[in-house]
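Chain by chain, the residues:
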Amino acid sequence: MENRKFIITINREAGTGGREIAQKVSEMLGIKLYDRTFLAHILEEFKLTREEAEKIKSTKINWWSEFCRFYKQFGTTAAIAYENFEVNSKQLYYAEAKALRDLAEQESCVIVGRTGFHVFKDTPDTIRIFLIADMDHRVKRMMQKWNFDEKEAREKIEELDNARETFTKTFAGVSRYDARNYDLVINVTPFTTDQVARFLVDNLRKKYPANPKNE
């Protein structure tokens, strides 16, 4: 039986362990994981570091012009000819979305964030997942992971959630909290990341029985 390709998109609230869950799912199924680190090779073409881009994207919708001003203000040795280099946040978004589609055409994969639910909303064999959790659970996880105190953890969660919502509304035109965007919404509060990953993998193997590592 020929393997049937599929796409899993995972969006999540900050502090739910979504990236860790996605990693475990990809490892259990033996398929690729594409997340924010995937953006690196696209940013490299634009001579941006991921940190610079993410910082500006989280606060400015038209972040490219803001970045140009920032870059010029503090100086750089990078050879960027601004007057001949026309690119904006939408171009970057569409370039990333196209690259993700191209990769997903080749093989099954897990995509974390990047408005994957929207990029692949009309693509067959796409399972769109959203992970949520109670605030106390999210704060505790942030405190453990980053050695934050409670105030720092709550502030970081708010910062990340707001940035992701702004990004989603800007490019997808919807709220990422709208359950209609997804096939499955899971409150992970009562579970470990292993339990959530195992639940997803067990059900995906039932739907796609001929895929790798389905033992």
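Please refer to the structure placed before this passage.
Read on for a plain summary of the structure. Only a predicted model underlies this, so the values are computations on that prediction, with no experimental measurement involved.

One non-glycine residue, threonine 115, adopts positive backbone phi at about 50 degrees. Tracing the sequence through the fold places threonine 115 in the loop between β3 (109-112) and α6 (116-119). A positive phi is found at aspartate 125, a non-glycine position, where the angle reads about 55 degrees. Relative to the helices and strands, aspartate 125 is located in the loop between α6 and β4 (126-132).

Here we come to the side chain of threonine 168. With respect to the helices and strands, threonine 168 occurs in helix α8 (residues 150-171). Within the structure, the side chain of threonine 168 is placed 2.8 Å from the backbone oxygen of arginine 164, a separation counted as a polar contact. Ignoring anything within four residues of it in the chain, the contact list for threonine 168 reads Thr115, Phe117, Gly173, Val174, Ser175 and Arg176.

Turning our eyes to something else, we now look at the sheet that holds β3. Across the sheet, which stays open at both edges, the 5 strands sit in the order β2-β3-β1-β4-β5 with parallel pairing between neighbours. Edge strands, defined here as strands with exactly one partner in the open sheet, are β2 (32-34) and β5 (184-187). Strand-to-strand twist in this sheet, taken as the mean axis angle between neighbours without regard to direction, amounts to 20 degrees. With 6 bridges joining them, strand β1 (residues 7-12) and β4 adopt parallel strand pairing.

Conventions adopted
- Residues numbered from 1 in each chain as written.
- Predicted model: local features only at pLDDT ≥ 70, side-chain atom pairs only at ≥ 80, totals over all residues.
- Heavy atoms only, no water.
- Helix = DSSP H or I, 4+ residues; strand = E, 2+ residues; numbered from the N terminus.
- Polar contact = N/O pair within 3.5 Å; in protein donor to acceptor, adjacent residues only side chain to side chain.
- Contact = heavy atoms within 4.5 Å.
- Pairing = 2+ DSSP bridges.
- Axes fitted to C-alpha atoms, helices over the stretch in contact; angles between N-to-C directions.

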